[in-house]
Amino acid sequence: MKRVSASFLPPIALDSSRKIPMYRQLYEWFRRAILAGQLRPGQRVPSTRSLATELNVSRIPVSSAFEQLHAEGYFETFVGAGTCVARSIPDETLKPVTGKITGASSRQVSDSKVLRKISHRVALMRMPAQTWSNKLVPFRVSLPALDQFPIRVWNQLLNRHARKSTRQLMAYGDAKGYAPLREAIAEYLGAVRAVRCEPSQILVTTGSQQGLQLSAQVLLDANEQVWVEEPGYPGARQALMMVGAKIVSVPVDHEGLDVAEGIRRAQSARAAYITPSHQYPLGVTMTATRRMLLLQWAMRNDAWIIEDDYDSEYRLGGRPIASLQGLDTDARVIYVGTFSKVMFPALRLGYMIVPRDLVDAFSTVRDATDQFSSTLYQAVMADFIREGHFARHIRRMRVLYAQRRTALVEAIHKQRAHEFEVIGAEAGMHLVALLPPGVSDVAISRRAAEMGISAMPLSSCYAKPPVRGGLILGYGGTDTRQIHDGIRKLTGICDDLVKHDSDTVVSNLSSK
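Because the structure is a prediction, the values reported are computed rather than measured.

1. Points about the packing of aromatic side chains
Here's step 1: Scanning the model with the defined rule gives 18 aromatic pairs in all.
Here's step 2: Ring geometry for Phe-30 and Phe-75: centres 5.3 Å apart, planes at 80°, overall edge-to-face. Taken together, the positions of Phe-30 in helix α1 (residues 22–35) and Phe-75 in strand β1 (residues 75–78) put the pair 45 residues apart, joining distant regions of the chain. Note on accessibility: Phe-30 and Phe-75 belong to one class, buried.
Here's step 3: Within the aromatic cluster, the residues linked to one another by ring pairs are Phe-149, Trp-154, Phe-344, Tyr-377 and Phe-384.
Here's step 4: Sitting over the ring of Trp-304, Arg-332 keeps its end group 5.3 Å from the ring centre.

2. Some points on the side chain of Arg-290
Here's step 1: Considering the arrangement of structural elements, one finds Arg-290 in helix α12 (residues 288–300).
Here's step 2: Judged by its relative accessible area of 10%, Arg-290 is buried.
Here's step 3: Residues in contact with Arg-290, not counting those within four places in the same chain, are Asp-253, Glu-255, Gly-256, Leu-257, Asp-258 and Val-259.

3. A look at helix α9 (residues 208–219)
Here's step 1: With 12 residues, α9 should reach 16 Å at 1.5 Å per residue; the first-to-last C-alpha distance of 16 Å fits that figure.
Here's step 2: Along α9, the residues classified as buried are Ser-208, Gln-210, Gly-211, Leu-212, Leu-214, Ser-215, Ala-216 and Leu-219.

4. Some remarks on the sheet that holds strand β13 (residues 456–457)
Here's step 1: The strand order across the open sheet built from 4 strands is β11-β12-β14-β13, with neighbouring strands paired in antiparallel fashion. A strand with exactly one partner marks an edge of an open sheet, and here the two such strands are β11 (421–423) and β13.

5. Comments concerning the sheet that holds strand β5 (residues 246–253)
Here's step 1: If you trace the 8 strands from one edge of the open sheet to the other, you get β3-β10-β9-β8-β7-β4-β5-β6, paired in mixed fashion. What marks the edges here is a single partner per strand, and that holds for β3 (202–205) and β6 (256–257).
Here's step 2: Bridge analysis of strand β4 (residues 225–230) against strand β7 (residues 271–274) gives 3 bridges, and the strand direction is parallel. Each residue of the ladder has a partner; that of Val-226, found in β7, is Ala-271.
Here's step 3: Contacts between helix α10 (residues 234–241) and the sheet are confined to β4, β5 and β7, with β4 contributing the most and set at about 170° to the helix.

The rules behind these values
Residues numbered from 1 in each chain as written. Predicted model: local features only at pLDDT ≥ 70, side-chain atom pairs only at ≥ 80, totals over all residues. Heavy atoms only, no water. Phe/Tyr/Trp six-rings, centres within 6.5 Å; stacked < 30°, edge-to-face > 60°. Helix = DSSP H or I, 4+ residues; strand = E, 2+ residues; numbered from the N terminus. Buried < 20%, exposed > 50% of the residue type's maximum accessible area, 1.4 Å probe, protein only. Lys NZ or Arg CZ within 6 Å of the ring centre and 35° of its normal. Contact = heavy atoms within 4.5 Å. Expected span 1.5 Å × (residues − 1). Pairing = 2+ DSSP bridges. Axes fitted to C-alpha atoms, helices over the stretch in contact; angles between N-to-C directions.

In structure tokens form, the structure reads like this:
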């Protein structure tokens, strides 16, 4: 085994007032640290002289402890490397260590199955077990075509700023974000999304999820009601529940959020979370009538609207739908967007537009959360937009995603035209394939993950089990070959489940 280079030791606590000799305390500490995995095989430890100096004790107890550890096989010495943790610990010593190493958490405690107390809010947030794959596999939802990203251009811009890093880029940044990027975002959103704002109203975030979290923290108190689309984005529910909000599920139909039903269920709700341009996950567009009704409700009830515009750039059947924020005349809409779907997820940059009178409140909470996003990446993103690379990339991806959407729809219709019902294929980077009644989307999702396919079950977006299940299939990061192969596999899985269910029914009838 290769020796591990010297590293810092966890803090060693010795107590001179204890009856246990000093050398024995030191011996026990090293032994526990090795068995708990805090000190790795081959890792160098300080010399007896330097450790005695660091602990401010005589060298004699340190030498005695090291001799005992050598004798029992915990330490070994290498020529030119000094004393190291033994590369192979004797089997008889590899037993669970009880107790706790002073100054560090015990691995045994964290690995135990004993339930330990956590906040009530987090306990309520626990989601159903994830059955779909989050790896880079076909149909992964929200994954863009990473192989088509202009990485060469991006690296050139990144190197430009990295080579000429200024103190401004290296110092603490503004909680609201890098000013040139906020200006570029304001110009872009005003032209493409009909958003009405000034750069001073923009906050740069680490993505849309942080935008939702900030909105919940600033706008809501515990036990206040919030409308959430049903089905809807699970991450929004989590962000709202983190502050103790009460979720009011409001159904979505072919016109978007049913505002009248929302009013019937909770007229005095404090806020509404919506995805009006491309509803997640069904893909419908909220009608103009519903938008006006929602804005009127918010104005009359002093409520807020959180507009999640997560992938509005990819309106494949025509020009993007104008934002709800652009229709707002009473400063009721908090607009949330992200670069994750257009650029790449690891960039971790998003943005939000807030009413002028809330800028200070949002900035305060943003600063308390994680202060600011990477200034270097913000500067590169500002140049990427200003120099036209962003617009060109969107145009290229819009053509590519339209081709992949067509390929996916054709593959589904070719193999399962009479059983799968495709919805939400007019925009974005995913569509929904409704399954035959009675077929479990969770079961298909689990089997698909075993075969290297990510098929997110539609039921995971519902607060209550839906009447009919479905699969959310992302095509942004899935090429044509993968699309046809993936649909073939999903078809086989569905056939097996339907046949199994039929055989079970026949067997039960025969037994009667």
